[in-house]
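# Architecture and fold: a report
For reference, the chains in residue letters:
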Amino acid sequence: ASDDARKPRLHVLLHSGTALDLASSRPGDRSPWPGGIPRLRQPPHAPSRSAAKLDEAIHTLLTAEERTQLLREGMRAADLGAAPGGWTWVLVRAGLRVSAVDNGPLKEPVLGHPQVEHLRADGFRWQPARPLDWMVCDMVEQPRRVAGRMAQWFREGWCRNAVFNLKLPMKKRWEETRYCLDLFRAEAGELKALRARQLYHDREEITVFARR
Ligand SMILES: C[S@@+](CC[C@H](N)C(=O)[O-])C[C@H]1O[C@@H](n2cnc3c(N)ncnc32)[C@H](O)[C@@H]1O
């Protein structure tokens, strides 16, 4: 309770009875959570455990101000690769109306929800009739293909904000991440924000937040 957020924090890692590592972290350049792990509760009734990934992304990649400004009731979103509906559920709970794009089936409570339109379509071909506030994408595909398509969404002005996942390959993960982020940046057009993290809830991928 007496922790002062303006002060540096001491980190101690005890290797054994005779060896330890000491480190300090600066305010503004460290995780606010103990051990760097956000203890977020699974959104109640979520159709899949993936819901926790988008929840963590929203809490990790957006500032508190962005969360209130950019995620508001009545906004419109698309969820590419939506089934069974965990990410859609996170957006629905924030008050958004969601076009859930996936050939696979959605589960309750997303299935038949009045804020959700289920579109059985290819997420790499589908595009919205008018610009959306949000696009989120969790399609399992080659990261380069995903990065290219996400850039097209921004270049064409189909969305203002996006959270998308780049599934990491078995080898050369850093090189692939760099390649995909560079490709996205080069092809997306002007961006106000581009942030990427490997999240606690899925270490096999990189999660990206972009804002036009
Ligand atoms: C990891 S799951 C998504 C889980 C979802 N985010 C959730 O929270 O429940 C990946 C989904 O991507 C879908 N998918 C893969 N390729 C796709 C494509 N080309 N178009 C639409 N959906 C696709 C799959 O059908 C699968 O349902």
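Figured I'd write up the structure that's included with this text. This structure is a prediction, so every number in the text was calculated from the model and none was measured.

As a structural note, the neighbourhood of the ligand is formed by 17 residues, with Ser-48, Asp-102, Asp-122, Gly-123 and Asp-138 the closest of them. A distance of 2.8 Å separates an oxygen atom of the ligand from a polar atom in the side chain of Ser-48. Contacts to the ligand include Trp-87, whose backbone N or O atom sits 3.0 Å from an oxygen atom. Here the ligand has 600 Å² of accessible area as a free molecule, and 77% of this is covered by the chains. Here the shell around the ligand is built from residues that sort into eight nonpolar, six polar and three charged.

Running from N to C, helix 4 (residues 143-155) and helix 5 (residues 173-188) cross one another at 20°; their axes reach a closest spacing of 8 Å. When the axes of helix 4 and helix 5 are compared, the pair comes out roughly parallel. The crossing of helix 4 and helix 5 is right-handed. Contacts from Pro-143, Arg-144, Ala-147, Gly-148, Met-150, Ala-151, Phe-154 and Arg-155 in helix 4 reach Glu-176, Tyr-179, Cys-180, Leu-183, Phe-184, Glu-187 and Ala-188 in helix 5. Looking at the contact of helix 4 with helix 5 residue by residue, the class counts come to 10 nonpolar, one polar and four charged.

As a further point, take helix 5. With 16 residues, helix 5 extends 22 Å from end C-alpha to end C-alpha; this agrees with the ideal 22 Å at 1.5 Å per step. Looking at the buried side of helix 5, the elements it contacts are helix 4, strand 7 (159-167), strand 8 (193-199) and strand 9 (202-211). Gly-189 occupies a position one or two residues after helix 5 and carries a positive phi of about 90°.

Moving on: the environment of Arg-211. Here Arg-211 lies in strand 9. Separated by 18 residues in the primary sequence, Arg-211 and Ala-193 place their C-alpha atoms 5.0 Å from one another. With residues up to four places along the chain from it excluded, the contact list for Arg-211 reads Glu-66, Leu-70, Phe-154, Arg-160, Asn-161, Leu-191, Lys-192 and Ala-193.

It is worth spelling out the packing of aromatic side chains at this point. For the structure shown, the criterion picks out five aromatic pairs. The lysine or arginine in question, Arg-144, covers the ring of Tyr-179, its NZ or CZ lying 3.8 Å from the ring centre. The ring of Phe-124 has Arg-145 sitting right over it, with the charged end atom 3.8 Å from the ring centre.

Attention now moves to the pattern of salt bridges. According to the stated counting rule, one finds 15 salt bridges in the structure shown. The shortest N-O distance in the salt bridge between Lys-53 and Glu-205 comes to 2.9 Å. Pair noted here: Lys-53 is in helix 1 (residues 51-61) and Glu-205 is in strand 9, with a separation of 152 residues, a long-range link. Taken individually, Lys-53 and Glu-205 each receive the classification buried, so the pair is uniform in this respect. Here the salt bridges do not stand alone but share partners, grouping Lys-53, Asp-138, Lys-167, Asp-202 and Glu-205 into one network.

How each quantity is defined
Residues numbered from 1 in each chain as written. Predicted model: local features only at pLDDT ≥ 70, side-chain atom pairs only at ≥ 80, totals over all residues. Heavy atoms only, no water. Near = heavy atom within 4 Å. Polar contact = N/O pair within 3.5 Å; in protein donor to acceptor, adjacent residues only side chain to side chain. Areas by Shrake-Rupley, 256 points an atom, 1.4 Å probe, with all protein chains shown as cover. Nonpolar A, V, L, I, M, F, W, Y, C, P; charged D, E, K, R; others polar. Axes fitted to C-alpha atoms, helices over the stretch in contact; angles between N-to-C directions. Helix = DSSP H or I, 4+ residues; strand = E, 2+ residues; numbered from the N terminus. Parallel < 35°, antiparallel > 145°, perpendicular 65-115°, else oblique. Left-handed = near helix turned anticlockwise from the far one by under 90°. Contact = heavy atoms within 4.5 Å. Expected span 1.5 Å × (residues − 1). Phe/Tyr/Trp six-rings, centres within 6.5 Å; stacked < 30°, edge-to-face > 60°. Lys NZ or Arg CZ within 6 Å of the ring centre and 35° of its normal. Salt bridge = Lys/Arg side-chain N within 4 Å of Asp/Glu carboxyl O. Buried < 20%, exposed > 50% of the residue type's maximum accessible area, 1.4 Å probe, protein only.

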